[in-house]
Amino acid sequence: IHTIVSSFRNVNSPEDLAKQINSNFTTDEDKVKASFYWLATNINYDIIALSSSNKQYRFTYTDKADKQRKIKAIEDKFINETFTKRKGICEEYALSLKKLCDLLKIPCKTINGNVRVDISEIGRINKDTNHAWNLVYVNNKWIFIDTTWAAGFAINGKWNKSFNSYFYNTPKNKAVKTHYS
């Protein structure tokens, strides 16, 4: 999978990527792995956006359907910018994987929750969310995927790209030690 996905060129949108994935892979599992690998190895974490991120969008809507259309439009804007700029924060990684799964007709959920990254955080419950990841339905079960953490890590305010496949289908008993919603 990695060799094939590494050869994907001219990917400028989720639609471009989904088309290449569909023409190279047949199983849902391989399609999800390809999506995960491409995002983790081609999108850089945007450290600057994280430190300055205070995304708040105000809009009016007429009914629940109108509200969902407007939220989807905002999310699509995030996703398209992620593919164009090749960088994003956890929300953009998670939304991008969800969009790819939607295009590939694979059930996927974006989870907004919290992560613990330091021992001092044990026992503390945050009221706000600080991370996003996905649950994807493959082989008759929901699997945990954190494309952001698979893409690398930050040290001293700098992004270090370092692919880690551990965050694809992380065992539930391991994932809940750091991720909760």
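Just so you know, these numbers come straight off a predicted model, no measurement behind them. (Residues numbered from 1 in each chain as written. Predicted model: local features only at pLDDT ≥ 70, side-chain atom pairs only at ≥ 80, totals over all residues. Heavy atoms only, no water.)

Visitor: Teacher, can you tell me more about the state of the cysteines here?
Guide: Linking two cysteines covalently via their sulfur atoms produces the bond known as a disulfide. Counted by the stated rule, this structure contains zero disulfides. You can see C101 has no disulfide; the closest cysteine sulfur is in C108, sitting 4.1 Å from it. Given a relative accessible area of 8%, C108 falls into the buried group. (Disulfide = S-S within 2.5 Å. Buried < 20%, exposed > 50% of the residue type's maximum accessible area, 1.4 Å probe, protein only.)

Visitor: Any chance you could explain the confidence of the model for the chain here in plain terms?
Guide: Parts of the model with low pLDDT should not have their predicted coordinates read in detail. Of all residues in the chain, 90% attain a pLDDT of 70 or more, and the chain-wide mean is 90. Mean pLDDT across the secondary structure elements of the chain bottoms out at helix α4 (residues 47–52), with 71, and peaks at helix α3 (residues 28–42), with 98. (pLDDT = per-residue confidence, 0-100. Helix = DSSP H or I, 4+ residues; strand = E, 2+ residues; numbered from the N terminus.)

Visitor: Sorry, what's going on with helix α2 (residues 14–24) here?
Guide: One full turn of an α-helix is made of 3.6 residues, so residues set three or four places apart face in the same direction. All buried positions along α2 are accounted for by P14, L17, A18, Q20 and I21. For α2, the angular spread of buried residues about the axis comes to 165°, placing them on one side. Facing away from the buried side of α2 by more than 90 degrees, the exposed set consists of K19 and S23. On its buried face, α2 is in contact with α3, α5 (64–85) and α6 (90–103). (Arc of directions from axis to C-beta. Contact = heavy atoms within 4.5 Å.)

Visitor: Explain the pattern of salt bridges to me, please; I cannot follow it from the model alone.
Guide: A complete count under the given rule lists seven salt bridges for this structure. Salt-bridge contacts for K77 lead to E81; the nearest nitrogen and oxygen are separated by 3.0 Å. Separated by four residues within a single helix, K77 and E81 lie in helix α5, roughly one turn from each other. In the salt-bridge network here, residues are joined through shared partners; they are D66, R69 and K70. (Salt bridge = Lys/Arg side-chain N within 4 Å of Asp/Glu carboxyl O.)

Visitor: Explain α6 to me, please; I cannot follow it from the model alone.
Guide: Under the 1.5 Å per step criterion, the end-to-end length of α6 is 20 Å for 14 residues, consistent within 8% with the ideal 20 Å. Counting buried positions over the 14 residues of α6 gives ten, a clear majority of the element. Here α6 has its buried residues at C90, E92, Y93, A94, L95, S96, L97, K99, L100 and C101. Two residues or fewer after α6 comes K105, characterised by a positive phi angle close to 60°. (Expected span 1.5 Å × (residues − 1).)

Visitor: Can you walk me through the sheet that holds strand β8 (residues 179–180) in this structure?
Guide: Adjacent strands of a sheet pair through backbone hydrogen bonds, lying either parallel or antiparallel. Spatially, β5-β4-β3-β8 is the arrangement adopted by the four strands of the open sheet, whose pairing is antiparallel. Among the strands making up the open sheet, the edge pair consists of β5 (141–145) and β8. Bridging between strand β3 (residues 108–115) and strand β4 (residues 131–138) involves six bridges; their strand directions are antiparallel. Among the inter-strand pairings, K109 is bridged to a residue of β4, identified as L135. Those strands touched by α6 are β3, β4 and β5, and its axis lies near 20° from that of β4. (Pairing = 2+ DSSP bridges. Axes fitted to C-alpha atoms, helices over the stretch in contact; angles between N-to-C directions.)

Visitor: What is the right way to read the pairing of β3 from this model?
Guide: Note on strand geometry: in a regular strand, side chains alternate between the two faces of the sheet. Summarising the sheet, β3 and β8 pair through two bridges and their orientation is antiparallel. Bridge pairing links N114 to Y180 in β8.

Visitor: Is there a simple way to think about the packing of α5 against α6 in this case?
Guide: Two numbers describe a pair of packed helices, the interaxial angle and the distance between the axes. Closest axis-to-axis distance for the α5/α6 pair is 9 Å, and the angle between their directions is 100°. As summarised for this structure, α5 and α6 are arranged roughly perpendicular, according to the angle between their axes. Residue-level inspection shows K72, E75, D76, F78, I79, T82 and F83 of α5 in contact with α6, the latter providing E91, E92, L95, S96, K99 and L100. In terms of residue class, the contact of α5 with α6 is built from five nonpolar, two polar and six charged. (Parallel < 35°, antiparallel > 145°, perpendicular 65-115°, else oblique. Nonpolar A, V, L, I, M, F, W, Y, C, P; charged D, E, K, R; others polar.)

Visitor: Mind showing me how you'd approach the side chain of K99 here?
Guide: In this structure, K99 sits in helix α6. When neighbours within four sequence positions are excluded, K99 is seen to be in contact with P14, E15, K72, D76 and I79.

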